[in-house]
Amino acid sequence: QVQLVESGGGLVQAGGSLRLSCAASGRTFSRYAMGWFRQAPGKEREFVAGISWSGGVTYYVDSVKGRFTNSRDNAKNTVALQMNSLKPEDTAVYYCAADPGGRVYNADVDDYDYWGQGTQVTVSS
């Protein structure tokens, strides 16, 4: 069993930065690849970034590549998403999720066993 809690969202101007954190409970956290998703109003939840169980492999969708950085610390049971050069189109609720299959790129929400509650990110123009 893994419980995930996100934090770090907020309101920022375009071009600014935010750092999202995802804290996990449970001794099996290091066995999971972790994904970040976001969901804007009226849109489906979309995959944004993934990171392997070790943290050694990451994946980013094109829209955030070069601006977002995914990292994890298994000793502290945390995953972080550093978001720089934010754009208004990045506005959404952001979720972290745990994939038992270990896939770094996995956009299928049904494959993820555990989800955080989400944190709102709002980027003003």
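Residue positions are given per chain, counted from 1 along the sequence in the order it is written. The model is predicted, so local features are restricted to residues of pLDDT at least 70 and side-chain atom pairs to those at 80 or more, both for listing and for counting; the totals for chains, interfaces and linings are taken over all residues. Note that water and hydrogens are dropped before the side-chain values are worked out from all heavy atoms of the structure.

**Q** I'd like a rundown of the pairing of strand β4 (residues 33-39), residues and numbers included.
**A** Each residue gets one of three labels from its accessible area relative to the maximum for its type: buried under 20%, exposed over 50%, partly exposed in between, using a 1.4 Å probe on protein chains only. The helix count covers DSSP runs of H or I at least four residues long, the strand count covers runs of E at least two residues long, and both are numbered beginning at the N terminus. Buried residues dominate β4, accounting for six of its seven residues. Relative to strand β9 (residues 92-99), β4 runs antiparallel, the two sharing seven bridges. The residue bridging Gln 39 from the neighbouring strand is Val 93, located in β9. Two strands qualify as a pair provided DSSP detects at least 2 bridges between them. Examined bridge by bridge, β4 and strand β5 (residues 46-51) share five bridges and lie antiparallel to one another. Bridging across to β5, Arg 38 finds its partner in Glu 46. Taking the residues that link successive antiparallel strands as the turn, the β4-β5 hairpin has six residues, and the phi of Gly 42 there is positive, at about 80°.

**Q** Quick one: what's the story with the sheet that holds strand β3 (residues 18-25), residue by residue and with numbers?
**A** On the basis of which strands lie adjacent, the open sheet formed by four strands has the order β1-β3-β8-β7 and antiparallel pairing. The sheet is open, and its two borders are formed by β1 (3-7) and β7 (68-73), each paired with just one other strand. The mean inter-strand angle of the sheet, taken between neighbouring strand axes irrespective of direction, is 15°. Pairing of β7 with strand β8 (residues 78-83), which is carried by six bridges, proceeds in the antiparallel orientation. Across the sheet, Asn 70 pairs through a bridge with Leu 81, a residue of β8. To obtain each axis, a line is fitted to C-alpha atoms, and for helices this fit is confined to the stretch in contact; angles are then taken between N-to-C directions over 0 to 180 degrees.

**Q** Outline the pairing of β5, listing residues and values.
**A** A large share of β5 lies buried, amounting to five of its six residues. By the bridge criterion, three bridges tie β5 to strand β6 (residues 58-60) in an arrangement that is antiparallel. Bridging across to β6, Gly 50 finds its partner in Tyr 59. Linkage of β5 to β6, two consecutive antiparallel strands, is achieved through a turn of six residues, within which Gly 55 is found at a positive phi near 90°.

**Q** Help me get a handle on the nonpolar core, residues and values and all.
**A** Definition used in this section: a nonpolar core is a set of buried Ala, Val, Leu, Ile, Met, Phe, Trp, Tyr and Cys residues joined via side-chain atoms within 4.5 Å. Among the nonpolar cores identified, the biggest contains 34 residues, and Leu 4, Met 34, Phe 68, Leu 81, Met 83 and Tyr 94 are the most heavily contacted of them. Where this core is concerned, the elements lending two or more residues are β3, β4, β5, β8, β9 and β11 (119-124). Should any heavy atoms of two residues lie within 4.5 Å, those residues are considered in contact. Ignoring any residue separated from it by four or fewer positions in sequence, one finds Met 34 in contact with Leu 4, Cys 22, Phe 29, Ala 49, Gly 50, Ile 51, Asn 70, Arg 72, Val 79, Cys 96, Ala 97 and Ala 98.

**Q** Talk me through the pattern of salt bridges; I want residue IDs and the actual numbers.
**A** Where charged atoms from two side chains of opposite charge approach closely, those side chains can pair. The salt bridge criterion pairs a side-chain nitrogen of Lys or Arg with a carboxyl oxygen of Asp or Glu, the two atoms within 4 Å. Counting across every chain of the model gives six salt bridges. Asp 90 is the partner of Arg 38 in a salt bridge, and the nearest nitrogen-oxygen pair spans 2.9 Å. One end of the pair, Arg 38, is in strand β4; the other, Asp 90, is in the loop between β8 and β9, with 52 residues separating them in the sequence. The class of Arg 38 is buried, set by a relative accessible area of 6%. A single salt-bridge network, built from bridges that share partners, covers Arg 38, Glu 46, Arg 67 and Asp 90.

**Q** Describe the state of the cysteines, naming the residues involved and giving the relevant values.
**A** Put simply, a disulfide is two cysteine sulfurs that come within 2.5 Å. Under the criterion given, the structure shown has one disulfide. The disulfide partner of Cys 22 is Cys 96, and the S-S distance across this bridge is 2.1 Å. In this structure the cystine formed by Cys 22 and Cys 96 twists about its S-S bond by roughly 65°; its chirality is therefore right-handed. Here Cys 22 is found in strand β3, whereas its partner Cys 96 is found in strand β9, with 74 residues between them in sequence. Per residue, the accessibility class of Cys 22 equals that of Cys 96, and both read buried.

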